[in-house]
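# Summary of the model geometry
So you can see what is in the structure, the chains are spelled out below.
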Amino acid sequence: MTDYITARSSCRAKDAYLYTVKTMEKLTWLQTNYYKKILWIGLNDIEEEGTYRWEDDNSICSGSWINETFVSGQPSNGKLYTPDGEDCISFFYEVPLLNDAYCFQNYSYICEKPFFNFP
């Protein structure tokens with residue numbers, strides 16, 4: 001278990017990225033296989049508050065996808081522990097959907113490597 005930035009760096013060192021949940025099939029896979037863990041996924045709004053970007057290609061996550069896959073009322077950007085708020089996204093198994101979290105929290109993670117890596 002580690003913080004988001006370390007998890008992201010670890011994946012990048014392997015020419016990979018944090019697991020992305022861009023389809024319902026990938027979310028269902030997490031729900032089926034990781035029903036007792038909180039995991040970092042490759043989505044965050046570190047650069048610009050409220051603009052969630054995917055780690056694999058830096059694309060912006062749509063608002064409709066956020067509404068469909070996040071815990072109700074999330075992302076909330078809670079600021080209890082830091083004025084920057086919750087900028088990193090995790091899979092929260094108890095619901096089991098996505099949730100924003102403080103990047104310094106220690107969770108498990110999955111690295112995902114593309115099958116083809118074009119230059």
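Residues numbered from 1 in each chain as written. Predicted model: local features only at pLDDT ≥ 70, side-chain atom pairs only at ≥ 80, totals over all residues. Heavy atoms only, no water.

### Observations concerning the pattern of salt bridges
To be explicit about the condition: Within this document, salt bridges are pairs made up of a side-chain nitrogen of Lys or Arg and a carboxyl oxygen of Asp or Glu, the two lying within 4 Å of each other. Segments assigned H or I by DSSP are reported as helices when at least four residues long, segments assigned E as strands when at least two residues long, and all are numbered from the N terminus. Using a 1.4 Å probe on the protein chains alone, a residue whose accessible area is under 20% of its type maximum counts as buried, one over 50% counts as exposed, and one in between counts as partly exposed.
On inspection of all chains with the given rule, the structure shows five salt bridges. The partner of Arg12 in a salt bridge is Glu55, and the shortest N-O contact between them spans 3.0 Å. Separated by 43 residues along the polypeptide, Arg12 in helix H1 (residues 4-13) and Glu55 in the loop between strand E3 (53-54) and helix H3 (63-69) bring together distant segments of the chain. Taking the relative accessible area as the measure of exposure, Arg12 reaches 47% and is therefore partly exposed. You can call Glu55 buried: its relative accessible area is 13%. In this structure, Lys26 engages Glu112 in a salt bridge whose closest nitrogen and oxygen atoms are separated by 2.5 Å. Highlighted residues: Lys26 in helix H2 (residues 24-33) and Glu112 in strand E7 (residues 111-112), separated in sequence by 86 residues. Just as Lys26 is buried, Glu112 falls in that class too. Overlapping salt bridges, with partners in common, bring together Arg8, Arg12 and Glu55 in one network.

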